[in-house]
Amino acid sequence: MAATHAQRSTREIFTTLEYGPVPESHACALAWLDTQDRHLGHYVNGKWLKPEHRNSVPCRDPITGENLASCPQAQAEDVAAAVEAARTAWENWSGLPGASRAQYLTRLAKMIQKHQRLLWTLESLVTGRAVREVRDRDIPLAQQLLQWHAVQAYTQEETLAGWEPMGVIGLILSPTFSFLEMMWRICPALAVGCTVVVLVPPGSPTPLLLAQLAGELGSFPGILNVINGPASLGPILASQPGVQKVTFCGAVEGGLRLLIQESVWDETMRRLQERMARLRGGRGLDGAVDMGARGAAAHDLAQRYVREAQSQGAQVFQAGDVPSVSPFFPPTLVSDLPPASPCTQAEVPWPVVVASPFRTAKEALAVANGTPRGGSASVWSERLGQALELGYGLRVGTVWINAHGLRHPEVPTGGCKESGSSWHGGPDGLYEYLRPSGTPARLPSLSENLNYDTFGLAVPLTLPSGPEIGPSPAAPYGLFIGGRFQAPGARSSRCIQDSKGNLQAYVAEGGAKDIRGAVEAAHQAAPGWVSQPPGARASLLWALASALERRESAFTSALERHGVELKTAKVEVELSARRLRAWGARAQAQGHLLQVAELRGPVLRLREPLGVLAIVCPDEWPLLAFASLLAAALAHGNAVVLVPSGVCPIPALEVCQDMATLLPAGLVNVVTGDRDHLTRCLALHQDVQALWYFGSAQGSQFVEWASAGNLKPVWVNRGRPRAWDQEAQGAGPELGLRAARTKALWLPMGD
Amino acid sequence: MLLLPSQPPRSAPPRECIQLDELTLTFPSSELDLLPSHCDLSWISKIQVNQPAVLRRAEQIQARRMVKKEWQAAWLLKAVTFIDLTTLSGDDTSSNVQRLCYKAKYPIREDLLKALNVHDKGLTTAAVCVYPARVCDAVKALKAAGSTIPVASVATGFPAGQTHLKTRLEEIRLAVEDGATEIDVVINRTLVLTGQWEALYDEIRQFRKACGEAHLKTILATGELGSLTNVYKASMIAMMAGSDFIKTSTGKETVNATFPVAIVMLRAIRDFFWKTGNKIGFKPAGGIRSAKDSLAWLSLIKEELGDEWLTPELFRIGASTLLSDIERQIYHHVTGRYAAYHDLPMS
């Protein structure tokens, strides 16, 4: 009977010429699950760890709802065991020559190649993603990632001299992630000598399979450990002794926002709809579908969004050959959404595209930059000049010109604003897991006593502090804002004592309003400074260095009054001038690194300014630290708000005298006052793009806590002094890395 | 994602645009006025093909659409109906042309068709395609076999096109006189490479006229056009000049029918349809040898133009050895075994 049916259908299909199912067998994925008795534990130290008495969460096929396996959730002791394994493994792994690590990564790449069918069927089965996406893109890219990072490990001693691996890295994956996102993070970490503990949401077996493949290579158990558990285990992972860094890994690509110039609106919409109508959706394990499904939650999210948009007056176009039952959702094009409606502000869910028109390229740039997200964007234009201008202007981590979604291990991928400030791939990805040699390891000792709500909230009152002896001191120093000295909003001053306890001077007591003014002034000056060519920035820094040298004796005596020996004071002034010159020269030499990946055409790795950078200078080395930090920040095109040394702010304020005449107004702003209070104001200011903090351990902890709220890139010293007079710590490449962010600009070519 | 037009908004038309409007050609000749088409160079002046994107699409489309089992068999049988069964060799004689014509009439073994229950569908190839000197042989052979399969002839100095216009036109007329109802002409690549679009239009118009009632299939020889942008422009000119089909290549160039080129031509066909409402056919030729290739071509047409183009009136595959591979696959589908050389009749 079956045969007759087949014959009849051939005849039918001959007329209709429709597509049929192309089921991809997932027998091997099920067989692998069977080897674990459908009970997935954790993979720790090269072995399966299946502790008793844990709550289990089922791993389901998102399309059929079939229960594929049960996943016991980790508890704190399992996390501790994994970190311990990683720590033990690290002692051996980090000490290996790069060539040995390279060999291991290459073997892992081969292992993936051997078991690729198992990997892609398993990933497609449990995530519902289209199998061709996993098979044709993710698996080859995972191998490329391993191979590229193997090469980096091989040349590590040479190219990354002066850096050492951080230690154990904690990686927390979000509930909707692709295993490839995990590869982007573990490859550089393993390559440079770190070991990894991955916390995966329960019900995601692919990372476990990868850990097993890595573990079965035998030689280094414990370098990659994977545990199942809820995100609430994150803080426990972060607080384990030995964990040096915790990184998060977000969701797979969501919906898209499409901006179309009015003059091509009709044409573009027509073509878009035509193309969407030909998309096929269905079970991910079908070899002929374009899109799979991402589970019922994603379906409901998309449906809610579309209904909401419709109620707000939007036009909705849905097409494509997609099953009309949950969890399948058709590709959806939303247009005519009123600009002020809530849906315009909300994040667009997959698989929805929101199209809106614009009039000029300038307007498009303003709209595109006016969102809190800054991951990636693509520009489509036949005029390369215009496309490039937009590419440079977009505040995102990756820009593709006339292409979309390309990725390569050699090209750093990251983001700015809420899309995070960490990098994967390329040289930038390696530095994420390195620290300058000699920097002490991070201790997980977070102070429980720090009250985030009150830290630096109150400004200590300044009262007269004893008789003014000696020659009457000069008028109090003002705040250096917008290119001139201003009286502080609070209209009060604090006294600065010299090393003998005598009154040296009065400086302004800055507060929240002054910080606001300083940040505003910096924002006004920033665009002008960014557009200056590096050569012009360099010559201004050199001029400032000369000004410093001319007034060497004034600076020396100011330092001497603070108990610095004459000889050391002279060195400090001399070094400060040298730092300004050195960064000026580096700004000139920095240029843009040109990389050619496997695509036809170059990828530009641009180093762009962060914007307005706030720097809380250390108490020690009051002039040198100030100059070193300032020079690095300015050379990379940032506008700056600085809080100088608390005990000795006078040298910094003296430099302001010179900056007032040399630098554009507002480019550098110096605010004195209570350091904790000013730090609080800066950390919580949403429009300060980055914050460097050199002060107390408590202050550092506060700054890191605050940055979790607004995702501001921060750099803190955790209360440890830095050897500012040493080249490595005072002017090393770390400062340069921190002072700018990377953008990858893809330029595919061909006619 | 930002989408920008290739030209500034309408309010400020660039000078270029105005000039091109003046270049719109009109033909005072009374004969040409009878044919309802015109040459509008503004349709091609704005075009800039995004080659990297085309390459990516070409890569994807081959991996994304597969058909298996009954679907594969049905699609392969359908592919047979699109084939212009071709022989274009120096040693063609009436005997092998006769054999070819017989194969065109009976492309798949009858018992295999019966097994698939499509024996009553009158399955034949779309046409046979020969050199002008063999048209008589083909017409005669097909008549003897009682078939109405059209005979297509290549013409106009095939494959290089480097002969005088007068002889090229004469070649068309003679082939039509001999009974060819479809003429595959090659364009003058020199005109494309030097950007003489009006002259190209003019030449193809004359081909069109020489064809009379016969269908005109214009071979663009895309392997020799230099860029995808030129492929688009040449496609558009050929369609404006009245071609019934546009065809990728002669099969004699070093680069033949490739997916990227096909995508550009198909997009041109779609644009032409959107602008005029006329459906123009597409014929890839050269290098399509395996059954698997033919399936990819069918899905390409389905994806880019839709099911309405999947008919012999609008889609042909120029091939000589493809048919035997398809028959081989059908044999395997029906019997579950791979065929020996002697199991299937030769063409």
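The structure presented is a predicted model; accordingly, all values stated were derived computationally and were not measured. Note on numbering: residues in each chain are counted from 1, in written sequence order. Each chain takes a letter, starting from A, and each ligand takes a number, starting from 1, following the order in which they are written. Per-residue local features are limited, in this predicted model, to residues with pLDDT of at least 70; the limit for side-chain atom pairs, both in listing and counting, is 80 or more; totals at the level of whole chains, interfaces and linings are taken over all residues. Here the side-chain values reflect all heavy atoms present in the structure, with hydrogen atoms and water set aside.

**Section: the overall build of chain A**
Thought 1: Counting from the N terminus, the helices are DSSP H or I runs at least four residues long and the strands are E runs at least two residues long. Within chain A, the regular secondary structure consists of 26 helices and 28 strands.
Thought 2: Here chain A has a C-alpha radius of gyration of 29 Å; the compact-globule value for 751 residues is 27 Å, and the two agree.
Thought 3: Overall, chain A is about 115 × 60 × 45 Å in size when its C-alpha atoms are taken along their principal axes.
Thought 4: For every residue, the accessible area obtained with a 1.4 Å probe (protein chains only) is divided by the maximum for its type, and the residue is called buried under 20%, exposed over 50%, and partly exposed between those limits. The burial tally for chain A puts 54% of its 751 residues in the buried class.
Thought 5: Contacts are residue-level and defined by heavy atoms, with any inter-residue pair within 4.5 Å sufficient. Long-range pairs, those at least 24 residues apart, make up 76% of the contacts in chain A between residues at least 6 apart in sequence. A radius of gyration in this sense is built from C-alpha atoms; the matching globule rule multiplies 2.2 Å by the number of residues raised to 0.38.

**Focus on the overall build of chain B**
Thought 1: Scanning chain B from terminus to terminus reveals 15 helices and nine strands.
Thought 2: Looking at the 347 residues of chain B, the share that counts as buried comes to 55%.
Thought 3: A separation of at least 24 residues holds for 77% of the contacts in chain B among residues at least 6 apart in sequence.
Thought 4: Total accessible area on chain B is roughly 14400 Å²; 52% of this is exposed by carbon and sulfur atoms. What sets the accessible areas is the Shrake-Rupley method with a 1.4 Å probe; for residues, cover comes only from the shown protein chains.

**Structural notes on helix α12 (residues 295–311) of chain A**
All names here are of chain A.
Thought 1: Given the number of residues in a helix, its expected span is that number minus one, multiplied by 1.5 Å. The end-to-end C-alpha separation of α12 is 25 Å, in line with the 24 Å expected for 17 residues at 1.5 Å each.
Thought 2: The set of residues buried in α12 consists of G295, H299, A302, Y305, V306 and A309. When α12 is viewed along its axis, its buried side chains cluster within an angular range of 135 degrees and face the same direction. Along α12, exposed side chains directed more than 90 degrees from the buried face belong to A297, R304, R307 and S311.
Thought 3: Residues of α12 that are buried in the fold lie against β11 (315–318), β12 (332–335), α13 (342–345) and β13 (352–358).
Thought 4: Following α12 by one or two positions, G313 has its phi on the positive side, about 100 degrees. Note that the arc is defined by the directions from the helix axis to the C-beta atoms.

**A few points about the pattern of salt bridges**
Residues and elements named next belong to chain A.
Thought 1: The term salt bridge refers to a pairing of a side-chain nitrogen on Lys or Arg with a carboxyl oxygen on Asp or Glu at a separation within 4 Å. Under the counting rule described, the total for this entry stands at 62 salt bridges over all chains.
Thought 2: E347 is paired through a salt bridge with R373; the nearest N and O atoms lie 3.8 Å apart. Placement of the pair is E347 in the loop between α13 and β13 and R373 in the loop between α14 (361–369) and β14 (376–380), with a sequence separation of 26 residues.
Thought 3: E347 sits in the exposed class, given a relative accessible area of 56%.
Thought 4: Classification of R373 by relative accessible area gives partly exposed; the value is 24%.

**Here's the deal with the interface of chain B and chain A**
Many descriptions give the size of an interface as the accessible area lost when the pieces come together.
Thought 1: Listed by partner, the interface residues are 54 residues for chain B and 56 residues for chain A.
Thought 2: When chain B packs against chain A, close to 5300 Å² is buried across both sides, 57% of that on carbon and sulfur atoms.
Thought 3: Between the two partners, chain B and chain A, sit four salt bridges.
Thought 4: A salt bridge links R65 of chain B to D290 of chain A; its shortest N-O distance comes to 2.4 Å.
Thought 5: As used in this structure description, the phrase polar contact means that two N or O atoms lie within 3.5 Å; if the pair is within protein, one of them must be able to donate a hydrogen and the other to accept it, and residues adjacent in sequence are counted only when both atoms belong to side chains. For the pair chain B and chain A, the number of links is 14 residue pairs in polar contact (both at pLDDT 80 or more).
Thought 6: Those elements that provide at least two residues to the side of chain B that touches chain A are β1 (2–3), α4 (51–64), α5 (69–80), α12 (228–240), α13 (259–276) and α14 (291–304) of chain B.
Thought 7: The element that contributes the greatest number of residues to the side of chain B that touches chain A is α4 of chain B, accounting for eight residues.
Thought 8: Throughout this entry, Asp, Glu, Lys and Arg are counted as charged residues, while Ala, Val, Leu, Ile, Met, Phe, Trp, Tyr, Cys and Pro are counted as nonpolar. The remaining residues, Gly among them, count as polar. For the side of chain B that touches chain A, the class distribution of residues is 27 nonpolar, eleven polar and 16 charged. Summed over both partners, buried area is the accessible surface (1.4 Å probe) that two parts give up on being assembled.

**Re the environment of S324 of chain B**
Thought 1: Note that S324 of chain B resides in helix α15 (residues 322–335).
Thought 2: S324 of chain B sits 221 residues away from K103 of chain B along the chain, and the two C-alpha atoms are 9.9 Å apart.

**Topic: empty space enclosed by the protein**
Residues and elements named next belong to chain A.
Thought 1: A 1.4 Å probe that fits but cannot get out identifies a cavity on a 1 Å grid over protein atoms alone, an open set with protein on both sides within 12 Å along at least five of seven lines counts as a pocket, and a residue lines either if it has an atom within 4 Å of a point. Grid points are joined across faces, edges and corners, and a volume is the space filled by probe spheres set on the points. For the structure shown, the criterion picks out nine cavities of 30 Å³ or more.
Thought 2: Considering only enclosed or pocket space, the largest cavity measures out at about 50 Å³ in volume.
Thought 3: Taken together, R494, I496, V507, V643, P644, S645, G646, P649, V671, T672, G673 and R675 make up the lining of the largest cavity.
Thought 4: A breakdown of the residues in the lining of the largest cavity according to their chemical character gives six nonpolar, four polar and two charged.

**Considerations on the packing of helix α18 (residues 534–550) of chain A against helix α21 (residues 624–635) of chain A**
Residue and element names in this part refer to chain A.
Thought 1: Axis definition: a line fit to C-alpha positions, over the contact stretch in the case of helices; interaxial angles, taken between N-to-C directions, run 0 to 180 degrees. α21 packs onto α18 with a crossing angle of 160 degrees between their chain directions and a minimal axis gap of 10 Å. The angle between α18 and α21 places the two elements in the roughly antiparallel class. Considering how the two elements wind past one another, α18 and α21 form a crossing that is right-handed. Where α18 approaches α21, its residues R537, L541 and L544 are matched on the opposing element by L630, A631, L634 and A635. Relative orientations are named as follows: roughly parallel for angles under 35 degrees, roughly antiparallel for angles over 145 degrees, roughly perpendicular for angles from 65 to 115 degrees, and oblique for any other angle. For any helix crossing, the convention is left-handed if the near helix is rotated counterclockwise from the far helix by under a right angle, and right-handed if that rotation is clockwise.

**Side note on the packing of helix α2 (residues 27–35) of chain A against helix α5 (residues 116–127) of chain A**
Residue and element names in this part refer to chain A.
Thought 1: Between α2 and α5, whose axes approach to 8 Å, the crossing angle comes to 90 degrees. By the angle class used here, α2 and α5 are roughly perpendicular. Here α2 contributes C28, A29, L30 and W32 to the contact with α5, which in turn contributes R117, L118, T121, L122 and L125.
Thought 2: In terms of residue class, the contact of α2 with α5 is built from seven nonpolar, one polar and one charged.

**Notes on the pairing of strand β9 (residues 243–249) of chain A**
Where a strand is regular, its side chains alternate between the two sheet faces.
Residues and elements named next belong to chain A.
Thought 1: Burial analysis of β9 places five of its seven residues in the buried class, which makes it a mostly covered element.
Thought 2: Two strands qualify as a pair provided that DSSP identifies no fewer than 2 bridges between them. Strand direction decides the pairing type here: strand β6 (residues 168–173) and β9, joined by six bridges, are parallel. The residue of β9 that forms the bridge with V168 is V243.

**Side note on the sheet that holds strand β5 (residues 182–186) of chain B**
All names here are of chain B.
Thought 1: The parallel open sheet is built from eight strands, whose spatial order is β8-β7-β6-β5-β4-β3-β2-β9. Each end of this open sheet is capped by a strand with a single partner; those strands are β8 (281–283) and β9 (317–319). Direction aside, the axes of adjacent strands within the sheet are offset by 25 degrees on average.
Thought 2: Two elements, strand β2 (residues 83–86) and β9, share three bridges in a ladder whose sense is parallel. Opposite D84, over in β9, you have G318 as the bridge partner.

**Digging into the UniProt feature "domain: Aldehyde dehydrogenase" (unreviewed entry) in chain A**
Thought 1: UniProt positions are given in the numbering used here, feature names are shortened, and annotations may be inferred rather than shown by experiment. With numbering aligned to this structure, UniProt lists the feature "domain: Aldehyde dehydrogenase" (unreviewed entry) at residues 48–253, 257–435 and 493–717 of chain A.
Thought 2: Structurally, residues 257–435 of chain A comprises 32% helix and 17% strand, and the distance from its first C-alpha atom to its last is 37 Å.

**Topic: the packing of aromatic side chains**
Thought 1: Note on ring pairs: Phe, Tyr and Trp rings are taken, using the six-membered ring of Trp, and paired if centres are within 6.5 Å. Classes follow the plane angle, with under 30 degrees stacked, over 60 edge-to-face and the rest tilted. By the definition in use, this model includes 22 aromatic pairs over all chains.
Thought 2: When the centroid spacing of 5.5 Å and the interplanar angle of 75 degrees are considered together, the rings of Y104 of chain A and F220 of chain A count as edge-to-face. Pair noted here: Y104 of chain A is in helix α4 (residues 98–114) and F220 of chain A is in the loop between α9 (205–215) and β8 (224–228), with a separation of 116 residues, a long-range link. For the residue pair Y104 of chain A and F220 of chain A, the accessibility class agrees, reading buried in each case.
Thought 3: Residues F282 of chain B and F315 of chain B carry aromatic rings whose centres are separated by 6.5 Å and whose planes lie at 10 degrees to one another, so their mutual orientation is stacked. Of this pair, F282 of chain B sits in strand β8 while F315 of chain B sits in the loop between α14 and β9, placing them 33 residues apart in sequence.

**Digging into the pairing of β5 of chain B**
Residues and elements named next belong to chain B.
Thought 1: Most of β5 sits inside the fold, with five of its five residues counted as buried.
Thought 2: Burial along β5 is two-sided: E182, D184 and V186 facing one way and I183 and V185 facing the other are all buried.
Thought 3: Read from strand β4 (residues 151–155) through helix α9 (residues 165–177) to β5, the crossover connection turns out right-handed.
Thought 4: Here β5 runs beside strand β6 (residues 215–219); their pairing, made up of five bridges, is parallel. Among the inter-strand pairings, D184 is bridged to a residue of β6, identified as K217. By convention a crossover is right-handed if, when the strands point away from the viewer, the path from the first strand over the helix to the second runs clockwise.

**Observations regarding the environment of G254 of chain A**
Residues and elements named next belong to chain A.
Thought 1: By secondary structure assignment, the location of G254 is in the loop between β9 and β10 (256–261).
Thought 2: Given the relative accessible area of 35%, G254 is considered partly exposed.
Thought 3: The sequence separation of G254 and P349 amounts to 95 residues, and the corresponding C-alpha distance is 5.3 Å.
Thought 4: Beyond its immediate sequence surroundings of up to four residues, G254 is in contact with V348, P349 and W350.

**A short note on the side chain of T229 of chain B**
Thought 1: The topology assignment puts T229 of chain B in helix α12.
Thought 2: In terms of polar contacts, T229 of chain B uses its side chain to reach the backbone amide nitrogen of V49 of chain B, at 3.4 Å.
Thought 3: Every residue in contact with T229 of chain B, bar those within four places of it in the chain, is listed here: D751 of chain A together with I47, Q48 and V49 of chain B.

**A few points about the confidence of the model for chain B**
Residue and element names in this part refer to chain B.
Thought 1: pLDDT expresses, on a scale from 0 to 100, how confident the predictor is about each individual residue. Residues of chain B with pLDDT of at least 70 account for 89%, and the chain-wide mean is 88.
Thought 2: Below pLDDT 50 for its whole length, residues 5–36 participates in 37 contacts with residues either more than four positions away or in separate chains.
Thought 3: Among the prediction metrics, the complex's ipTM stands at 0.85, with pTM recorded as 0.89.

**Some remarks on the side chain of T125 of chain B**
Residues and elements named next belong to chain B.
Thought 1: Inspection of the secondary structure assignment puts T125 in the loop between α7 (110–115) and β3 (127–130).
Thought 2: Within the structure, the side chain of T125 is placed 3.3 Å from the backbone oxygen of A127, a separation counted as a polar contact.
Thought 3: If sequence neighbours within four positions are ignored, T125 has contacts with V80, T81, I83, L85, A104, P107, I149 and L323.

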